[in-house]
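Chain residues, written in single-letter form:
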Amino acid sequence: MELIFSYLHPFTLAFALLIAMGGLADCYDPLDPYGNITVTFDIHQWTNDGYVARVTIQNYHQYRHVDQPGWKIGWTWADNEIILSMSGAFATEQGNCSDFKFQSPHSCEKDPVIVDLGPDASPQNMTDACCRGGLLSSYTINPANSFSFFEVTVGNLGMNASGHAPRNLTLWAPGPGYTCGLLEDVDPTVSLEIGGRRQVQVFRTWKSTCTYSTFLANKTPVCCVSLSTFYNPKVTPCPVCSCGCRDADKSTALCISQINQLQGPDFIKSQDIVHCSDHMCPVRVHWHVQNNYVGHWRVKVTVSNYNYKRNYSNWNVVVQHPGFSQKATAYSFNSSVLPSAGFSEKVALFWGISYNNEELLQAGENQVGSVTTQILLEKDSESFTLSNGWALPRRVYFNGENCEMPLPDTFPMLPNAASSSLKPVNNCFFILQILFFLTFTSQLINLLGFDKQLNKFCLSLQPHFLIHNPLSF
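Each chain carries its own residue numbering, running from 1 in the written order of its sequence. pLDDT decides what is reported in this predicted model: residues at 70 or higher carry local features, side-chain atom pairs at 80 or more are listed and counted, and totals for whole chains, interfaces and linings draw on all residues regardless. Where side-chain values are given, they derive from all heavy atoms of the structure, hydrogens and water being excluded.

Attention shifts here to the packing of aromatic side chains. Paired rings are identified among Phe, Tyr and Trp, the last through its six-membered ring, by centres lying within 6.5 Å, and are further divided according to the angle between planes into stacked (under 30 degrees), edge-to-face (over 60) and tilted (the rest). Evaluated as defined, the whole model comprises 18 aromatic pairs. On the numbers, 5.6 Å between centres and 75° between planes, the contact of Tyr 63 with Tyr 397 is edge-to-face. Here Tyr 63 is found in the loop between strand 2 (51-59) and strand 3 (72-76), whereas its partner Tyr 397 is found in strand 27 (residues 395-398), with 334 residues between them in sequence. By the burial criterion, Tyr 63 is buried, and Tyr 397 matches it. Geometrically, the ring pair formed by Phe 230 and Tyr 231 is edge-to-face, given 5.3 Å between the ring centres and 80° between the ring planes. Following the ring pairs from residue to residue traces out a cluster consisting of Phe 41, Trp 46, Tyr 51, Trp 75, Trp 77, Phe 203 and Trp 206. The rule for a charge over a ring is simple: NZ of Lys or CZ of Arg within 6 Å of the ring centre, and within 35 degrees of the ring normal. One cation-aromatic arrangement involves Arg 132 over Phe 147; the distance from NZ or CZ to the ring centre is 5.9 Å. A run of DSSP states H or I qualifies as a helix once it reaches four residues; a run of E qualifies as a strand once it reaches two. Both are numbered from the N-terminal end. Exposure is judged per residue with a 1.4 Å probe applied to protein chains only, and the accessible area is read against the type maximum: over 50% gives exposed, under 20% gives buried, and values in between give partly exposed.

Right, dumping it as structure tokens:
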């Protein structure tokens with residue numbers, strides 16, 4: 001028996017390790033290893049029976065942002081706390097406040113849920129960096145809009161109570177997917193005043209880090225990738241049923257997407273009506289290898305919106321490809337190369353240009369909404385090749401969500417014996433050939449005496465040319 005266990009033990013350990021790695025992969029994004037949303041409570045004022053705290057929600061993700069309908073945050077009070085007042089946000093329910101006859105608390109719920117105010121909030125209810133409707137930009141794209149503040153006055157703690165950190169912190173951004181750690185005591189936050197010459201410290205700081213899991217957020221992909229190249233007429237479409245399967249009736253133009261990240265009353269509002277397709281994804285990213293030059297190669301990227309009900313504001317696309325280790329120029333998108341952990345292939349982030357294409361419009365009756373750009377990449381002579389699908393992306397994300405890629409055996413491949421025919425033309429050699437041909441032709445005309453006859457022929461055409469081209473001179 002002991003001998004059998006000695007054989008099984010290594011396999012059992014390896015199996016457990018694989019399970020653990022699979023679980024970590026759901027909560028750890030190697031393309032954004034340090035991405036998270038941090039929630040901070042800063043107590044900056046004590047009251048007779050509680051405190052006033054400033055709550056900060058900071059998005060540290062490089063490309064994942066909080067989209068409509070915005071973030072919601074909730075917790076469980078450790079004692080008998082109530083919310084006396086708030087600014088910059090509001091609790092969704094007041095709860096039972098019948099025990100407080102001489103005041104009207106903002107919320108007496110044991111488990112309050114807090115929502116951001118909109119831009120149209122009244123000035124007396126606003127604070128700095130609040131009231132964006134719960135929207136948070138990613139830290140790389142727009143750090144100034146990657147955080148949100150609100151203030152909460154907490155009471156009912158009794159005389160001289162210092163309070164305890166709230167428990168069971170929960171973040172919806174906007175749906176499930178985030179897991180938050182405990183709110184722990186950390187070094188008090190220090191801010192600067194008087195032009196940075198004075199440091200001001202709060203009395204107490206609690207902080208929690210919320211990490212994202214694609215498994216908890218949504219099991220169904222929200223986007224897919226299609227591929228094409230200049231050297232093969234075949235277009236590789238998105239995999240069939242990438243985001244769900246369409247109805248059996250092929251004549252139907254409108255379909256309800258199976259993707260739903262929200263629960264409760266927001267479920268109906270979140271249902272996507274998309275253009276019926278074999279992939280049934282609200283968004284498709286198309287990668288086309290367009291040209292091959294001597295020192296560069298060109299790609300065209302098109303992002304299409306098949307959703308009839310939704311515009312994607314402040315969208316972004318992440319592409320993993322080894323070609324981004326060289327200089328790349330995107331002509332119609334903003335772009336940045338991101339640091340990544342454990343990958344030899346570089347990762348590039350693309351997003352829209354303000355007042356130009358930062359909004360991916362919804363699909364219309366006869367066409368889908370789309371944004372597009374061409375990308376010119378320098379070649380690395382040691383690695384660049386058109387063989388074996390090297391020029392195609394390894395992984396694509398849209399708004400932080402992994403897109404379904406076609407299988408490698410469906411990639412557009414080089415045709416047979418194409419290695420010589422697809423070599424880029426050397427422009428300098430081609431120009432030299434043209435100059436040599438022109439020089440040889442002019443010498444031949446002079447040698448045969450055709451130059452005088454050619455001049456007479458041109459002079460005979462000159463009046464006709466001047467009549468029909470009055471701007472010539």
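Okay, a nonpolar patch on the surface next. Together, Leu 254, Ile 256 and Ile 273 make up a nonpolar patch on the protein surface, roughly 270 Å² of accessible area in all. Taking relative accessible area as the criterion, Ile 256 reaches 54% and is therefore assigned exposed. Nonpolar side chains (Val, Leu, Ile, Met, Phe, Trp, Tyr) are joined into patches within 5 Å and like charges within 9 Å, using only residues with over 30% relative accessible area and no salt bridge. Method for areas: the Shrake-Rupley scheme with a 1.4 Å probe, in which residue coverage is limited to the protein chains shown. Between Lys or Arg on one side and Asp or Glu on the other, a salt bridge is scored when a side-chain nitrogen of the former is within 4 Å of a carboxyl oxygen of the latter.

On to the confidence of the model for the protein. Known as pLDDT, the predictor's per-residue confidence is scaled from 0 to 100. Averaged over all residues, the pLDDT of the protein equals 82, while 77% of them reach at least 70. Whether two residues are in contact is decided by their heavy atoms: any pair within 4.5 Å suffices. In the model, residues 1-25 has pLDDT below 50 throughout and makes zero contacts with residues more than four positions away in sequence or in other chains. Every residue in residues 457-473 scores below 50 in pLDDT, and together they form two contacts with partners more than four places removed in sequence or on other chains.

Now for the pairing of strand 3. Of all five residues making up strand 3, four are buried, and the element is well covered by its neighbours. Two strands pair under a simple rule: DSSP has to find at least two bridges between them. In this sheet, strand 6 (residues 113-116) lies alongside strand 3 in antiparallel orientation, the contact comprising three bridges. Note on strand 6: the bridge partner recorded for Ile 73 is Ile 114. With four bridges connecting them, strand 3 and strand 8 (residues 167-172) associate as antiparallel partners. The residue bridging Thr 76 from the neighbouring strand is Arg 167, located in strand 8.

Pairs of cysteine sulfur atoms within 2.5 Å are identified as disulfides in what follows. Summed over all chains, the structure comprises eight disulfides. The partner cysteine of Cys 255 in its disulfide is Cys 276, sulfur to sulfur 1.9 Å. Between Cys 255 and Cys 276 the sulfur-sulfur dihedral comes to about 110°; the bridge is accordingly right-handed. Placement of the pair is Cys 255 in strand 16 (residues 254-256) and Cys 276 in the loop between strand 17 (273-275) and strand 18 (283-292), with a sequence separation of 21 residues. Taken as a pair, Cys 255 and Cys 276 share a single burial class, namely buried.

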